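# Commentary on secondary and tertiary structure
Chain residues, written in single-letter form:
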Protein chains: 2
Amino acid sequence: MAELKNLNVALLGFGNVGRALGELLLRKAGTLRDEYGLVVRVVGISTGRHGHAINPAGIPVKAALEAVRSGQPLTPLHHGAPVADTAGFLAATSADLLFETSPTSITDGQPSLSYITAALTKGMHVVTANKGPVAFALRTLRMLAEQKGVGFMHEATVMGGAPVMSLVRESMPAATIRRVRGIFNSTTNYILSSMEQDNVTFEQALHAAQEIGIAETDPTLDIDGWDSAVKTAIVANVFMGASLTPQDVNPVGIRDLALETVQQRAGEGKRIRLICEAVRQPDGTVRASVAPQALPQSDALAQIVGRNNVIDFETDTLHRITLIEHSAGPDTTAYGMFADMLNILRGRHHTAVH
Amino acid sequence: MAELKNLNVALLGFGNVGRALGELLLRKAGTLRDEYGLVVRVVGISTGRHGHAINPAGIPVKAALEAVRSGQPLTPLHHGAPVADTAGFLAATSADLLFETSPTSITDGQPSLSYITAALTKGMHVVTANKGPVAFALRTLRMLAEQKGVGFMHEATVMGGAPVMSLVRESMPAATIRRVRGIFNSTTNYILSSMEQDNVTFEQALHAAQEIGIAETDPTLDIDGWDSAVKTAIVANVFMGASLTPQDVNPVGIRDLALETVQQRAGEGKRIRLICEAVRQPDGTVRASVAPQALPQSDALAQIVGRNNVIDFETDTLHRITLIEHSAGPDTTAYGMFADMLNILRGRHHTAVH
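Residues numbered from 1 in each chain as written. Chains lettered and ligands numbered in written order. Predicted model: local features only at pLDDT ≥ 70, side-chain atom pairs only at ≥ 80, totals over all residues. Heavy atoms only, no water.

## Description of the pairing of strand β11 (residues 319–325) of chain A
The criterion, for reference: Each residue is placed in one exposure class: buried if its accessible area under a 1.4 Å probe, protein chains only, is under 20% of its type's maximum, exposed if it is over 50%, and partly exposed if it falls in between. The numbering of helices and of strands both runs from the N terminus, where a helix is a DSSP run of H or I of at least 4 residues and a strand a run of E of at least 2. The criterion for strand pairing is that DSSP finds at least two bridges linking the strands in question.
Taken across its seven residues, β11(A) has five buried, putting it largely inside the fold. Where strand β10 (residues 309–315) of chain A meets β11(A), seven bridges bridge the pair, whose relative direction is antiparallel. Looking at the pairing, A:Val310 lines up with A:Ile324 of β11(A). As judged from the five bridges shared by β11(A) and strand β11 (residues 319–325) of chain B, these two strands associate in the antiparallel manner. Looking at the pairing, A:Leu323 lines up with B:Leu323 of β11(B).

Rendered as structure tokens:
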């Protein structure tokens, strides 16, 4: 093994995903060193409620995890001049790569979009799990990254438990994707499975999902299809070259779905699923939609129950393939970001031949 | 767009897959030029029954396809000194990359293994669809390729209709694969589906499969599990670092499966599938098997009907993901080889960070 390489990273956002990423970096330190000759050093962590910490010599991640878990601030781990806010954090950090998981609105991608822009402008690689910036500003962010000669990756934005971005980027070069269908929202799929299998109404299923922490207190974005619409816009834009906003997708949710309808379709051997779809039209444009659809049980998408997600590709070269995730969570999302990091270091953001 | 790059390729084997690859190169010439700045020139084609053709200035692929389809030799397309055999063809060709699809025994990987060795030794990139050489000599071939600074890829060796090699290589860096399960043989899955759904015996189902060209006249390698065993050895060796031969996998086939058993399991809500499996043991070794298993219908693998194939990964980072192919054929196998070509040109055979 040649000399070890050092990579300095900063974590912007230290919630469920950020902390899972911190744990993964600790757990995989040996593998990174032995298999990739790589030492990853966390030199900055920025949070909303626990302050900021910067240390060019490396922040002890274990101590940071413990501090946040016990409700303590990160400031004792900070070295140097005080940092006032996230912009100050980004200006002060010496990281080569930013992991961006800050709380962000999916209706305009802010404030994440401005943080990513600042980091790329500074010449940092950026890996984000935030959907908004990718849905609204993919082209701009890609151009900026290319201009600066850095990587911008977002594997975890669609299906945090399965690698869809790298699958298309690496496994389907020069293919034309004609149609993508998927189930991209766990909450609604859980509710639909529950209405069907447990014979409970939408309200009952939603309530149960909230009880066990699958649905949020305000489940609007999920059940009205907006989370799915944002992901569908990403899929259409990244995989099919479209320029759609989530508003263009104009989602239909599952709020008004009657138990009677679900059970009637079940009696006909069909299952209702909230299907995300992007289809290339004969005129070359891409039409995207999110709506409940009654699928025959023979359809691979109808087989997806509970919180599982799925994506189904129709292309001109592989015809049809389907990828299913079975157990997504903050830890799989963190792994998507971790894989993005390694893939940037392996030059996978360069897709041209040479 | 910068200046166009030229890539000279040779096709060793011009059967169903080789010809589909020729057609794909013709169909994608515009995409390669416009999106990758690449011009791929076929400078050699070697066949068993239609002779050999070499032309450093480029062989007209359309004419070669027409010649072979109408039973004519390729020799009128040949320029230069006559070529006596495949070894002579490999010595004489000026190709940068060899597409290897020659008829090869899966019991020892020959003669493909010696052709690949010769091409790599000569400093050519090699892309093969032949399972034998990968099952028997992965490590040696990889080392030779690395020594010579060229790529050796074999996407199409397992599941010719879905990208499993690049999925692991690119999408799961630094992950530990704990278990792989799959259905890797279309003929046996078709027979099993048929016994179950059409209530016909093994012999009847096999006969029907032979009638429509799904099963070969001598179906031994498929129904006795050897085709599955070779693929399982590849999966265990490539994904889990094992050193297993197909003999180590010691497959159990479906020849002796009674219709009564299939229907009895179906009555219990189960489906019998020929399951390929590789599992990491507590002591670090990998145990691989091929055998009929009765799976509950809730298992994603039980849902795979007809000629479809599937692979299912359990890892320490993504937990579980499943990839299904729906319509594999010579054209999808050809695309796997085509993607390998582009991925070698994109440096994807280099998996280290830099």
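Having seen the model, we can carry on.
## Focus: the nonpolar core
Going by this rule: Definition used in this section: a nonpolar core is a set of buried Ala, Val, Leu, Ile, Met, Phe, Trp, Tyr and Cys residues joined via side-chain atoms within 4.5 Å. Only heavy atoms matter for contacts: two residues are in contact if any of them lie within 4.5 Å across the pair.
Counting residues in each nonpolar core, the largest one holds 231 residues, and the members touching the most others are A:Phe239 and B:Phe239. Setting aside residues no more than four positions away along its own chain, B:Phe239 makes contact with B:Val164, B:Met165, B:Val168, B:Ile177, B:Ile234, B:Ile311 and B:Phe313. Listed in part, the 16 residues of the second largest apolar core include A:Ile183, A:Val310, B:Leu295 and B:Val310.

## What about the sheet that holds strand β6 (residues 152–153) of chain B?
Residues and elements named next belong to chain B. Note the following rule: To obtain each axis, a line is fitted to C-alpha atoms, and for helices this fit is confined to the stretch in contact; angles are then taken between N-to-C directions over 0 to 180 degrees.
Here we have six strands laid out as an open sheet, ordered β3-β2-β1-β4-β5-β6, and mixed in their pairing. Since the sheet does not close on itself, it has two edges, and those belong to β3 (52–54) and β6, each with one partner. With four bridges joining them, strand β1 (residues 5–12) and strand β4 (residues 97–100) adopt parallel strand pairing. Across the sheet, residue Ala10 finds its bridge partner in β4, namely Leu98. Along the sheet, helix α14 (residues 330–345) makes contact with β1, β2 (38–46), β4, β5 (125–128) and β6, crossing β5 at roughly 155 degrees.

## A short note on the interface of chain A and chain B
For clarity, the cut-off: Put simply, buried area is how much 1.4 Å-probe accessible surface two parts lose in total, over both of them, once they are put together. By salt bridge we mean one thing: a side-chain nitrogen of Lys or Arg within 4 Å of a carboxyl oxygen of Asp or Glu.
With 51 residues of chain A in contact, the opposing surface of chain B contributes 51 residues. Surface buried jointly by chain A and chain B totals about 4,600 Å² across both partners, of which 54% is contributed by carbon and sulfur atoms. Of all residues in chain A, A:Tyr335, A:Arg346 and A:Val353 bury the most surface against chain B, accounting for 16% of the area lost on that side. The interface formed by chain A and chain B includes eight salt bridges.

## Some thoughts on the relation of the copies chain A and chain B
Applicable threshold: Least-squares superposition aligns the copies on the C-alpha atoms of those residues with pLDDT at or above 70 in both.
For the pair chain A and chain B, the superposition axis carries a translation of 0.0 Å, the fit reaches an RMSD of 0.0 Å, and the rotation angle comes to 180 degrees. On the angle and the small slide along the axis, the relation comes out as a two-fold axis. For chain A, the smallest separation between a C-alpha atom and the rotation axis is recorded for A:Leu323, amounting to 2.3 Å. A share of 100% of the interface residues of chain A reappears at the interface of chain B, consistent with the copies meeting face to face through the same patch.

## Describing the packing of aromatic side chains
Residue and element names in this part refer to chain A. Definition in use: Any Phe, Tyr or Trp ring, taking Trp's six-membered ring, that has another such ring centre within 6.5 Å forms a pair; planes under 30 degrees apart are called stacked, those over 60 apart edge-to-face, and the others tilted.
By the definition in use, this model includes four aromatic pairs over all chains. Between Phe239 and Phe313 the ring centres are 5.7 Å apart and the planes differ by 55 degrees, which places this aromatic pair in the tilted class. Of the two residues, Phe239 sits in helix α11 (residues 226–240) while Phe313 sits in strand β10, which places them 74 residues apart along the sequence. On the basis of relative accessibility, which here comes to 1%, the residue Phe313 falls in the buried class.

## Concerning the pattern of salt bridges
Oppositely charged side chains may form a pair once their charged atoms are brought near each other. Applying the stated rule across the entire model yields 36 salt bridges over all chains. Each of A:Arg169, A:Glu170, B:Arg346 and B:Arg348 takes part in salt bridges that share partners, so that together they form one network.

## Concerning the side chain of A:Asp312
Formally: By the criterion applied in these results, polar contacts are pairs of N or O atoms within 3.5 Å in which, for protein atoms, one can donate a hydrogen and the other can accept it, and in which residues neighboring in sequence qualify only through two side-chain atoms.
Counting through the fold element by element, A:Asp312 comes out in strand β10. Within polar-contact distance, the side chain of A:Asp312 engages the side chain of A:Thr322 at 2.7 Å. Those residues in contact with A:Asp312, other than ones at most four positions away along the chain, are A:Arg179, A:Val180, A:Arg181, A:Leu301, A:Arg320, A:Ile321, A:Thr322 and B:His326.

## Some points on the packing of helix α1 (residues 16–27) of chain A against helix α14 (residues 330–345) of chain A
Residue and element names in this part refer to chain A. The condition is simple: Here the word oblique covers every angle except those under 35 degrees (roughly parallel), over 145 (roughly antiparallel) and from 65 to 115 (roughly perpendicular). Each crossing is labelled by how the near helix is turned from the far one, with a counterclockwise turn of less than a right angle marking it left-handed and a clockwise turn marking it right-handed. Gly counts as polar in this scheme, as do all residues outside two lists: the nonpolar Ala, Val, Leu, Ile, Met, Phe, Trp, Tyr, Cys and Pro, and the charged Asp, Glu, Lys and Arg.
With their axes 8 Å apart at the nearest point, α1 and α14 run at an angle of 60 degrees to one another. Relative to α14, the element α1 lies oblique. Helix-helix and strand crossings are classified by hand; for α1 and α14 the assignment is right-handed. Only Pro330, Asp331, Thr333, Ala334, Tyr335, Met337, Phe338 and Met341 of α14 make contact with α1, whose side of the interface consists of Asn16, Val17, Ala20, Leu21, Leu24 and Leu25. Partitioning the contact of α1 with α14 into residue classes produces eleven nonpolar, two polar and one charged.

## Details of the side chain of A:Glu325
Rules: A positive count includes Lys and Arg, and a negative count includes Asp and Glu. His and the chain ends are not counted in either.
Inspection of the secondary structure assignment puts A:Glu325 in strand β11. The charged side chain of A:Glu325 is buried without a salt bridge, its nearest counter-charge being A:Lys231 at 7.5 Å. A polar side-chain atom of A:Glu325 sits 3.3 Å from the main-chain amide nitrogen of A:Ala162. Other than its neighbours up to four places away in sequence, A:Glu325 contacts A:Met159, A:Gly160, A:Gly161, A:Ala162, A:Asn308, A:Asn309, B:Arg320 and B:Ile321.

## Some words on the sheet that holds strand β7 (residues 177–183) of chain B
Spatial ordering of the open sheet is given by β9(A)-β8(A)-β7(A)-β10(A)-β11(A)-β11(B)-β10(B)-β7(B)-β8(B)-β9(B), a layout of ten strands whose pairing is antiparallel. Both edges of this open sheet fall to β9 (286–296) of chain A together with β9 (286–296) of chain B, since each of them pairs with a single strand only. Neighbour to neighbour, the strand axes of the sheet diverge by 20 degrees on average, direction disregarded. In the sheet, strand β8 (residues 270–280) of chain B pairs with β9(B) via eleven bridges, with the strands oriented antiparallel. Its bridge partner being in β9(B), B:Arg280 is matched across the sheet by B:Val286. Those strands touched by helix α8 (residues 186–197) of chain A are β7 (177–183), β8 (270–280) and β10 of chain A, and its axis lies near 150 degrees from that of β8(A).

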